[in-house]
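One letter stands for each residue in the lines below.
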Amino acid sequence: MLSNDEISYSLSTLNAITSSPWLLQDNTIHKEFSFDDFKQAWSFMNKVADAAEKADHHPDWCNSYNQVSITLTTHQSGGLTAKDFDLASSIENILKTIKSQ
């Protein structure tokens, strides 16, 4: 599990590459995503699922039409680890590719 200083640093580094911030909530980081339509949201979720499988680290998420909500934490560690910030960074890269299509 990361220390508070490591979490602050990792969150500020992550948010430096985003147009809207990830938010620290308890022992998680959370972000809401909005897409043009359901198909674009689903495409995003499929790509995130592939990245999560590859990383063996899976998000807690919810989808409603063109909205996707993602929460990351490392349940086995009881809080945030580098895995969460690595996956969040991958998610941001996926978002850029989806939005540019």
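Residues numbered from 1 in each chain as written. Predicted model: local features only at pLDDT ≥ 70, side-chain atom pairs only at ≥ 80, totals over all residues. Heavy atoms only, no water.

Caption draft 1: Highlighting the sheet that holds strand β1 (residues 23-25). With respect to topology, 4 strands assemble into an open sheet ordered β1-β2-β4-β3, the strand pairing being antiparallel. Whereas interior strands pair on both sides, the edge strands pair on one side only; in this sheet they are β1 and β3 (60-64). Strand after strand, the sheet turns through a mean of 20° between neighbouring axes, direction not considered. Of the pairings in the sheet, the one linking β3 to strand β4 (residues 67-72) comprises 5 bridges and is antiparallel in character. Paired with Cys62 across the two strands is Ser69, which belongs to β4. Sheet strands in contact with helix α2 (residues 38-55) are β2 (28-34), β3 and β4, and its direction is about 165° off that of β3. Sitting on the sheet, helix α3 (residues 82-99) is in contact with β2 and β4, with an inclination near 10° to β2. (Pairing = 2+ DSSP bridges. Helix = DSSP H or I, 4+ residues; strand = E, 2+ residues; numbered from the N terminus. Axes fitted to C-alpha atoms, helices over the stretch in contact; angles between N-to-C directions. Contact = heavy atoms within 4.5 Å.)

Caption draft 2: How the structure looks around the packing of α2 against α3. Two elements in contact, α2 and α3, have axes whose closest approach is 10 Å; the angle formed by their N-to-C orientations is 145°. In this structure, the crossing between α2 and α3 has a hand that is right-handed. Residues Gln40, Ser43, Phe44, Lys47, Val48, Ala51 and Ala52 of α2 pack against Leu87, Ile91, Ile94, Leu95, Ile98 and Lys99 of α3. Broken down by class, the residue content of the contact of α2 with α3 amounts to 9 nonpolar, 2 polar and 2 charged. (Left-handed = near helix turned anticlockwise from the far one by under 90°. Nonpolar A, V, L, I, M, F, W, Y, C, P; charged D, E, K, R; others polar.)

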